[in-house]
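Okay, here's what each chain looks like letter by letter:
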Amino acid sequence: MHDIATKTRLRAELLEKRAMMLPGARSEAGRAIRDALLSVPEVEMAGTIAAYVSIGAEPDTRGLLFALWKRGAYVLLPKLLPDGDLDWASYEGPDSLAPGPRGCLEPTEPPRGPGAVASADVVLAPAVAIDRTGMRLGRGGGSYDRALARVGPAILTVGLVYDGELVPELPAESHDQRVRSAVTPSGGLLRFT
Ligand SMILES: Nc1nc2c(c(=O)[nH]1)N(C=O)[C@@H](CNc1ccc(C(=O)N[C@@H](CCC(=O)O)C(=O)O)cc1)CN2
Ligand SMILES: Nc1ncnc2c1ncn2[C@@H]1O[C@H](COP(=O)(O)OP(=O)(O)OP(=O)(O)O)[C@@H](O)[C@H]1O
């Protein structure tokens, strides 16, 4: 199979493009994505939302996290486990974060276990690219493949990407989990199902 090599190459190309973005692009994209997500009905209704703290050149999620928290939603954030799986703990504002592995900012609240993601009404996932079927390319740890496999079939899952990262087709391996929607700064929420 060439799929793994294709994914590795695509991931490197797309991350290189992100690294060349102008200063301000991350926060501008983050604001557009925040505004789009805050008006999605499932997000407006959600009691619990699984999200993540952006790192590197990802679209900035910090304003979104703050807005969700201020609105009274229970926000769960991932903590990377040594085997690549994700544990989850609650966000209690910007001061409830501390540096974790791989450049991540992680919640300092007590972890609730890898199964806690199943209690979320909406799950937001980082992505490097998403295709027209919802297939998602991540950082290559398989962390979100494992987390998304625990999420019920009726739950809205959303991949967050820049405009140019919605691509026609990504290679799919058997363990890959699709997201049910993607959000981009210019396109807003795009549902796949
Ligand atoms: N913001 C964010 N949080 C996340 C993820 C993610 O992709 N993004 N993860 C998704 O599974 C999990 C953590 N897994 C990660 C795997 C690899 C790297 C990584 O390659 N880090 C770079 C530095 C960051 C950058 O500059 O882009 C590195 O180590 O070189 C980061 C997180 C859970 N939390
Ligand atoms: N359920 C699982 N249990 C253990 N390992 C897994 C599981 N799912 C995927 N993996 C492993 O994770 C590795 C990376 O897979 P892949 O390239 O699809 O990650 P990704 O979706 O890009 O990354 P991520 O989900 O962390 O953002 C693969 O080697 C795969 O074997």
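Further up the page is the structure itself.
This text gives an overview of the structure that appears in the document. (Residues numbered from 1 in each chain as written. Chains lettered and ligands numbered in written order. Predicted model: local features only at pLDDT ≥ 70, side-chain atom pairs only at ≥ 80, totals over all residues. Heavy atoms only, no water.)

### Some points on the pairing of strand E12 (residues 188-191)
The side chains of a regular strand alternate, residue by residue, between the two faces of the sheet.
Part 1 of the argument: Where strand E11 (residues 181-184) lies against E12, four bridges are found, and the strand directions are antiparallel. When the sheet's bridge partners are listed, Val-183 is paired in E12 with Leu-189.
Part 2 of the argument: Taking the residues between adjacent antiparallel strands as the criterion, E11 and E12 are bridged by three residues. (Pairing = 2+ DSSP bridges. Helix = DSSP H or I, 4+ residues; strand = E, 2+ residues; numbered from the N terminus.)

### Side note on the environment of Val-75
Part 1 of the argument: Within the secondary structure, Val-75 is located in strand E2 (residues 74-80).
Part 2 of the argument: Note: C-alpha distance between Val-75 and Asp-95 (20 residues apart in sequence) is 14 Å.
Part 3 of the argument: When near neighbours in sequence (up to four residues on either side) are disregarded, Val-75 contacts Ile-49, Ala-51, Leu-65, Leu-68, Trp-69, Ala-89, Ser-90 and Tyr-91. (Contact = heavy atoms within 4.5 Å.)

### Quick word on the sheet that holds strand E8 (residues 136-137)
Part 1 of the argument: With mixed pairing, three strands are arranged side by side in an open sheet as E8-E7-E10. At either end of the open sheet lies a strand with only one pairing partner, and these are E8 and strand E10 (166-167).
Part 2 of the argument: Pairing analysis gives two bridges linking strand E7 (residues 129-131) to E8, with the strands arranged antiparallel. When the bridges of E8 are listed, Ile-130 appears paired with Arg-136.

### Side note on the site of ligand 2
Part 1 of the argument: As a structural note, the neighbourhood of ligand 2 is formed by 14 residues, with Arg-136, Gly-138, Gly-140, Ser-143 and Asp-176 the closest of them.
Part 2 of the argument: Between an oxygen atom of ligand 2 and a main-chain N or O atom of Gly-138, the distance comes to 2.8 Å.
Part 3 of the argument: Coverage of ligand 2 by the protein chains reaches 67% of its 650 Å² of free accessible surface.
Part 4 of the argument: More than half of the atoms of ligand 2 fall within 2 Å of the grid points belonging to the largest pocket.
Part 5 of the argument: Taken together, the elements giving at least two residues each to the shell around ligand 2 come down to helix H1 (3-19) and helix H5 (143-148).
Part 6 of the argument: Ranked by the residues each element gives to the shell around ligand 2, the list is headed by H5, at four residues.
Part 7 of the argument: The class makeup of the residues in the shell around ligand 2 is one nonpolar, six polar and seven charged. (Near = heavy atom within 4 Å. Polar contact = N/O pair within 3.5 Å; in protein donor to acceptor, adjacent residues only side chain to side chain. Areas by Shrake-Rupley, 256 points an atom, 1.4 Å probe, with all protein chains shown as cover. 1 Å grid on protein atoms, 1.4 Å probe; cavity = no way out; pocket = protein on both sides within 12 Å on 5 of 7 lines; lining within 4 Å. Sits in = over half its atoms within 2 Å of the grid points. Nonpolar A, V, L, I, M, F, W, Y, C, P; charged D, E, K, R; others polar.)

### A look at the pattern of salt bridges
Part 1 of the argument: Scanning the entire structure with this criterion turns up nine salt bridges.
Part 2 of the argument: Measuring nitrogen to oxygen at the nearest pair gives 2.8 Å for the salt bridge that ties Asp-60 to Arg-62.
Part 3 of the argument: Residue Asp-85 is joined to Arg-150 by a salt bridge in which the shortest nitrogen-to-oxygen separation is 2.6 Å. One end of the pair, Asp-85, is in the loop between E2 and strand E3 (86-90); the other, Arg-150, is in the loop between H5 and strand E9 (156-160), and 65 residues separate them in sequence.
Part 4 of the argument: Among the residues examined, Asp-85 registers a relative accessible area of 9% and is labelled buried.
Part 5 of the argument: Among the charged side chains, a salt-bridge network with shared partners connects Lys-7, Glu-173 and Asp-176. (Salt bridge = Lys/Arg side-chain N within 4 Å of Asp/Glu carboxyl O. Buried < 20%, exposed > 50% of the residue type's maximum accessible area, 1.4 Å probe, protein only.)

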